[in-house]
Amino acid sequence: MTLLPLIIAPDPRLKTRSVPVENMDASVDRLIDDMLETMYKAPGIGLSAVQVGVPKRLIVLDVARDDEDPAPQVLINPEIVRFSEEGALYNEGCLSLPEHFVEIERPENCTVEYVDRHGAKQVMEADGILARCVQHEYDHLDGTLFVDHLSALKRNMILRKLVKARKQAS
Ligand code: NI
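Remember, it's a predicted structure, so these values are computed and weren't measured experimentally.

Caption draft 1: Main features of the coordination of the nickel ion. Summarising the metal site, the nickel ion is bound by the protein donors Cys-94 (SG), His-136 (NE2) and His-140 (NE2), whose distances to it range over 2.1 to 2.3 Å. One chain supplies every donor to the nickel ion, and in sequence these donors are spaced C-x41-H-x3-H. Of the two residues, Cys-94 is situated in the loop between strand E4 (87-92) and strand E5 (102-107) and His-136 in helix H2 (residues 128-141); the sequence distance between them amounts to 42 residues. Of the two residues, Cys-94 and His-136, neither departs from the other in class, the shared state being buried.

Caption draft 2: Region of the structure containing the layout of surface pockets. Of the pockets and cavities examined, the largest pocket occupies roughly 410 Å³. Together, 22 residues line the largest pocket, and Gly-44, Ile-45, Gly-93, Cys-94 and Phe-101 are the ones closest to its centre. Breaking the lining of the largest pocket down by element, the ones donating at least two residues are E4 and H2. With 6 residues, the single largest contributor to the lining of the largest pocket is H2. Taken as a whole, the second largest pocket holds about 200 Å³ of empty space.

Caption draft 3: Up close: the pairing of strand E2 (residues 58-61). Of the two faces of E2, the one carrying Leu-58 and Val-60 and the one carrying Ile-59 and Leu-61 are both buried. Here E2 pairs with strand E3 (residues 73-83) via 4 bridges, running antiparallel. Residue pairing in the sheet places Leu-58 in a bridge with Ile-76 of E3.

Caption draft 4: Spatial organisation of the nonpolar core. With 16 residues, the main nonpolar core has Ile-32, Met-35, Leu-47, Leu-58, Val-60 and Ile-76 as its most contacted residues. Of all the secondary-structure elements, those providing two or more residues to this core are helix H1 (26-41), E2 and E3. Residues Ile-59, Cys-110, Leu-130 and Cys-133 belong to the second largest nonpolar core, which totals 15 residues.

Caption draft 5: Structural view of helix H3 (residues 152-169). With 18 residues, H3 extends 25 Å from end C-alpha to end C-alpha; this agrees with the ideal 26 Å at 1.5 Å per step. All of the buried residues in H3 are Ile-158, Leu-159 and Leu-162. Down the axis, H3 shows its buried residues gathered within 95° of arc, on one side only. Facing away from the buried side of H3 by more than 90 degrees, the exposed set consists of Leu-153, Arg-160, Lys-164, Lys-167 and Gln-168. Structurally, H3 contributes buried residues whose contacts are with E5.

The rules behind the values
- Residues numbered from 1 in each chain as written.
- Predicted model: local features only at pLDDT ≥ 70, side-chain atom pairs only at ≥ 80, totals over all residues.
- Heavy atoms only, no water.
- Donors = N, O, S within 2.8 Å, 3.2 Å for Na, K, Ca; no water.
- Helix = DSSP H or I, 4+ residues; strand = E, 2+ residues; numbered from the N terminus.
- Buried < 20%, exposed > 50% of the residue type's maximum accessible area, 1.4 Å probe, protein only.
- 1 Å grid on protein atoms, 1.4 Å probe; cavity = no way out; pocket = protein on both sides within 12 Å on 5 of 7 lines; lining within 4 Å.
- Points joined across faces, edges and corners; volume = space filled by probe spheres on them.
- Pairing = 2+ DSSP bridges.
- Core = buried A, V, L, I, M, F, W, Y, C linked by side-chain atoms within 4.5 Å.
- Expected span 1.5 Å × (residues − 1).
- Arc of directions from axis to C-beta.
- Contact = heavy atoms within 4.5 Å.

Okay, structure coming up:
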């Protein structure tokens, strides 16, 4: 397995609309393993392929708590088919916007259809942190970052800080 370089915002690649995965071939299998390793190493609870420069509709996540066994999940070509009316606030972060956490309101739960890594169709009722993570990663597939849910003022403040941090690191 290989650690993949994470794309950090602002970067036009993160604004890409990802395309469906057509074939579950060995390269997709390898990508899934590499994405999981990259997510655990970061560490993070979710990662979309576009964040490692592969604009395909593929998400990995693991919302198990530290005291629980790892529970990796792979969502290929996910479709959120239901959002709850009720919203919830949650302090969100993103591996592509390191060290920035902001409360974002989203539907509290949702239903997502997807294909698993064995090619089987699945339906998931997601609630709580799982629903949050699924919606956040799903956004990535359409080029949306959590800061896009904020006012332009707040968004630009965070993006400017990321640009500054990148300059200082280079
Ligand atoms: Ni993210």
